[in-house]
Amino acid sequence: MSTFTNYDSSAASDYDVARLPIGADIMEKFIRKNSPAGYEQTNLVDFGTGTGSYIVELLKSGLKYAMCTDFSQIMLDKCEAKLSAGGFDERFGIKKVCLPDSGFKNDEFEAAKCSMVIHHLVKTNENGVVDDWSPIGNAFSEAFRILKPGGVFVVAFSTPEQRGGNWYAHLVPATRARTIARCPSKEKVRELLQGAGFEVTDEEVMTNHYCSNETYYDHEIFCKNQRAWFMDSVLSSATEEEREAAKAKVKEFAEKNELKKFLEEHDDFKNFGCGTIIAGVKGLSATAGQ
Ligand SMILES: C[S@@+](CC[C@H](N)C(=O)[O-])C[C@H]1O[C@@H](n2cnc3c(N)ncnc32)[C@H](O)[C@@H]1O
């Protein structure tokens, strides 16, 4: 389960308020390019599926089947309701899983995906530093084990610059620091993928914000919609006390007409994007556990 965001709380019920499946097109592209079956014949397992928004897009674009896994029952219930409402009943499965174990058989899927999950898997030490990235490596090894030879694994994540570069993260500075400490660099993710046995094949930066550029650049979003305070894990993992202080700050800036200035001064999304998507392939001659 996540060691720092409680996804059986408002973090789950308000997740879809502003969050969009940005980058689904990049994931589709990487799966189409690398899957050992045609895209329409590809069975995918999703680690930490959340409310299933990415799966809706992938199934719409022709992916054969998605097995959706998550630790949070609330997220899984939302995911199931969304996929059923979308008319995908025969094309998805739901399983409660606590990574790094998945319980699937060796060589079961042609594709695996894990988006915006890996920073939840690690712990920081008493100095606020991650000195053990192995929980991510273990989840990658699990993906490797359950993929067929030639299978593709797509990982979407935010680097420290990307996660900390959102202007609103500066409203909760203590949580911003705690969160970005858990975010691996691109080099670390590549290294962990290779350590698990994958050959890294593709990489692309997400230049559209995962809450949409329109929402991201709306300096009044936190005045207009109180549920926006839970739209990403920097905000949703803030303590109640820090969130209240942030709300007071927003109120004060708004009264002084300084919210736009605050956004402009703290916006690094324009420089770094909001996430990175990397694909790795399990070599054709690889066997599970290799
Ligand atoms: C930020 S959400 C991402 C959801 C979705 N993948 C997306 O990109 O919209 C993180 C998800 O990871 C799940 N999660 C965190 N730790 C987990 C673990 N150890 N095992 C399984 N799921 C986990 C959470 O419950 C949550 O649904």
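Everything quoted here is computed from the prediction, not taken from an experiment.

S.K.: Please give an account of the overall build of the chain that cites residues and values.
M.R.: Broken down by element type, the chain carries 14 helices and 7 strands. When the backbone C-alpha atoms are referred to their principal axes, the chain occupies close to 60 × 45 × 30 Å. Across the 290 residues of the chain, 54% fall into the buried class. A separation of at least 24 residues holds for 79% of the contacts in the chain among residues at least 6 apart in sequence. Summed over all atoms, the accessible surface of the chain reaches about 12,100 Å², with 49% contributed by carbon and sulfur. Treating the 34 positive side-chain charges of the chain as one cloud and the 43 negative ones as another, the clouds have centres 1 Å apart.

S.K.: Kindly report on the side chain of Glu 28, identifying the contributing residues and their values.
M.R.: Tracing the backbone shows Glu 28 in helix α2 (residues 24-34). Setting aside its immediate chain neighbours within four residues, Glu 28 contacts Tyr 39, Leu 58 and Ser 61.

S.K.: I'd like a description of the packing of helix α5 (residues 134-146) against helix α8 (residues 186-195), backed by residues and values.
M.R.: The contact between α5 and α8 brings their axes to 8 Å, and the two run at 45°. As far as their axial angle goes, α8 and α5 are oblique. Where α5 crosses over α8, the handedness of that crossing is right-handed. Contacts between α5 and α8 involve Ile 136, Gly 137 and Phe 140 from the first element and Val 189, Leu 192 and Leu 193 from the second.

S.K.: Explain unusual backbone geometry residue by residue, including any values.
M.R.: Geometrically, the link from Leu 99 to Pro 100 is a cis peptide bond, its omega value of 15° lying close to zero. A positive phi is found at Ser 212, a non-glycine position, where the angle reads about 75°. With respect to the helices and strands, the residue Ser 212 is situated in the loop between β6 (198-206) and α9 (213-216). You can call Ser 212 buried: its relative accessible area is 15%.

S.K.: Just give me the short version of α2, but keep the residues and values in it.
M.R.: Taken together, the buried positions of α2 are Ala 24, Ile 26, Met 27, Glu 28, Phe 30, Ile 31 and Asn 34. For α2, the secondary structure elements touched by its buried residues are β1 (43-47), α3 (53-60), β4 (109-115), β5 (147-157), β6 and β7 (275-282).

S.K.: So what about the nonpolar core? Which residues, and what values?
M.R.: Core analysis: the biggest nonpolar cluster contains 54 residues, and Ile 31, Leu 83, Trp 167, Tyr 168, Leu 171 and Phe 222 have the highest contact counts within it. Once residues lying within four places of it in the same chain are set aside, the contact partners of Tyr 168 are His 209, Tyr 210, Cys 211, Tyr 216, Phe 222, Met 231, Asp 232 and Leu 235. If you look at the next biggest cluster of nonpolar residues, it comprises 31 residues, including Phe 144, Leu 147, Phe 153 and Val 189.

S.K.: Could you give an account of the sheet that holds β5, with specific residues and numbers?
M.R.: By definition, the strands of a sheet pair up through backbone hydrogen bonds, in either a parallel or an antiparallel sense. The sheet built from 7 strands is open, its strands ordered β3-β2-β1-β4-β5-β7-β6 with mixed pairing. Edge strands, defined here as strands with exactly one partner in the open sheet, are β3 (92-96) and β6. Geometrically, the sheet is characterised by an average inter-axis angle of 15° between neighbouring strands, direction not taken into account. As judged from the 4 bridges shared by β1 and β4, these two strands associate in the parallel manner. Among the inter-strand pairings, Leu 44 is bridged to a residue of β4, identified as Ala 111. In the packing of α3 onto the sheet, the strands contacted are β1, β2 (65-70), β4 and β6, and the crossing angle to β2 comes to about 175°.

S.K.: Outline a negative patch on the surface, listing residues and values.
M.R.: There is a patch of like negative charges on the surface, built from Asp 77, Glu 80, Asp 89 and Glu 90. Among the secondary structure elements, Asp 89 is positioned in the loop between α4 (73-85) and β3.

S.K.: I'd like a description of the environment of Ile 146, backed by residues and values.
M.R.: Within the secondary structure layout, Ile 146 lies in helix α5. Once the C-alpha coordinates of Ile 146 and Arg 178 are considered, the two residues, 32 residues apart in sequence, prove to be 32 Å apart. Residues within four places of Ile 146 in sequence aside, it is in contact with Val 45, Phe 47, Ser 102, Phe 104, Lys 105, Asn 106, Asp 107, Glu 108 and Phe 109.

The rules we used
Residues numbered from 1 in each chain as written. Predicted model: local features only at pLDDT ≥ 70, side-chain atom pairs only at ≥ 80, totals over all residues. Heavy atoms only, no water. Helix = DSSP H or I, 4+ residues; strand = E, 2+ residues; numbered from the N terminus. Buried < 20%, exposed > 50% of the residue type's maximum accessible area, 1.4 Å probe, protein only. Contact = heavy atoms within 4.5 Å. Areas by Shrake-Rupley, 256 points an atom, 1.4 Å probe, with all protein chains shown as cover. Lys, Arg positive; Asp, Glu negative; His and termini not counted. Charge placed at Lys NZ, Arg CZ, Asp CG, Glu CD. Axes fitted to C-alpha atoms, helices over the stretch in contact; angles between N-to-C directions. Parallel < 35°, antiparallel > 145°, perpendicular 65-115°, else oblique. Left-handed = near helix turned anticlockwise from the far one by under 90°. Core = buried A, V, L, I, M, F, W, Y, C linked by side-chain atoms within 4.5 Å. Pairing = 2+ DSSP bridges. Patch = residues over 30% accessible without salt bridge, like charges linked within 9 Å, V, L, I, M, F, W, Y side chains within 5 Å. Salt bridge = Lys/Arg side-chain N within 4 Å of Asp/Glu carboxyl O.

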